[in-house]
Amino acid sequence: MQKIARSAQDLGHILRQYRYKSEMSQTDLARRTQTHQRLISRLETGNKGRTLDVIFDVMRALDLEIEIRPRRKGSAQDIEDIFS
């Protein structure tokens, strides 16, 4: 699953989808990230902080977007190949 985020609301929606797919509650995710459930809820609903607003404003001005996809699982050899 590959998604594009152009706003804090897009990002929140995508994160919620991935959390559901991972069968995690907001509380589970908060524990894994050492934060609070209410912060996860605010993030998922697009109720973000000023820093996130600024990041998306700058990205919009530069005609950029965030591409969200599952993290690649590489081997140690893959990393060595990058620096060879």
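The paragraphs below set out a description of the structure included in this document. For every chain, the first residue of the written sequence is number 1, and numbering continues from 1 onward in sequence order. For this predicted model, a pLDDT threshold of at least 70 governs which residues receive local features, and a threshold of 80 or more governs which side-chain atom pairs are given and counted, while totals over whole chains, interfaces and linings are taken from all residues. The side-chain numbers reported here are obtained from all heavy atoms of the structure, hydrogens and water having been left aside.

1. A closer look at the side chain of Arg19
Note that Arg19 resides in helix α1 (residues 8-21). Taking relative accessible area as the criterion, Arg19 reaches 7% and is therefore assigned buried. In this text, helices come from DSSP runs of H or I with a minimum length of four residues, and strands from runs of E with a minimum of two, each type numbered from the N-terminal end. Think of it in three bands: with a 1.4 Å probe and only protein chains considered, a residue is buried below 20% of the maximum accessible area for its type, exposed above 50%, and partly exposed in between.

2. Here we look at the side chain of Ser7
Looking at the secondary structure, you find Ser7 in the loop between β1 (3-5) and α1. Whenever two N or O atoms come within 3.5 Å, that pair is a polar contact, provided that in protein one can donate a hydrogen and the other can accept it, and provided that, for residues adjacent in sequence, both atoms are side-chain atoms. A distance of 3.1 Å separates a polar atom in the side chain of Ser7 from the backbone nitrogen of Asp10.

3. Points about the environment of Leu39
Mapping Leu39 onto the fold places it in helix α3 (residues 37-44). Along the sequence, Leu39 and Thr27 sit twelve residues apart, while their C-alpha atoms lie 10.0 Å from each other.

4. Thoughts on α1
By definition here, a helix of n residues has an expected span of 1.5 Å times n minus one. Under the 1.5 Å per step criterion, the end-to-end length of α1 is 20 Å for 14 residues, consistent within 8% with the ideal 20 Å. Among the residues of α1, Ala8, Leu11, Gly12, Ile14, Tyr18 and Arg19 are the ones counted as buried. The buried side chains of α1 occupy one side of the element, clustering within an arc of 165° when seen end-on. Residues of α1 that are exposed and point over 90 degrees away from its buried face: Tyr20 and Lys21. Here, two residues are considered to be in contact whenever any of their heavy atoms come within 4.5 Å of each other. Turning to α1, the residues buried within the fold contact β1, α2 (26-32), α3, α4 (50-61) and β2 (66-68). One or two residues past the end of α1 sits Glu23, with phi positive at roughly 55°. Here, the arc refers to the directions that run from the helix axis to the C-beta atoms.

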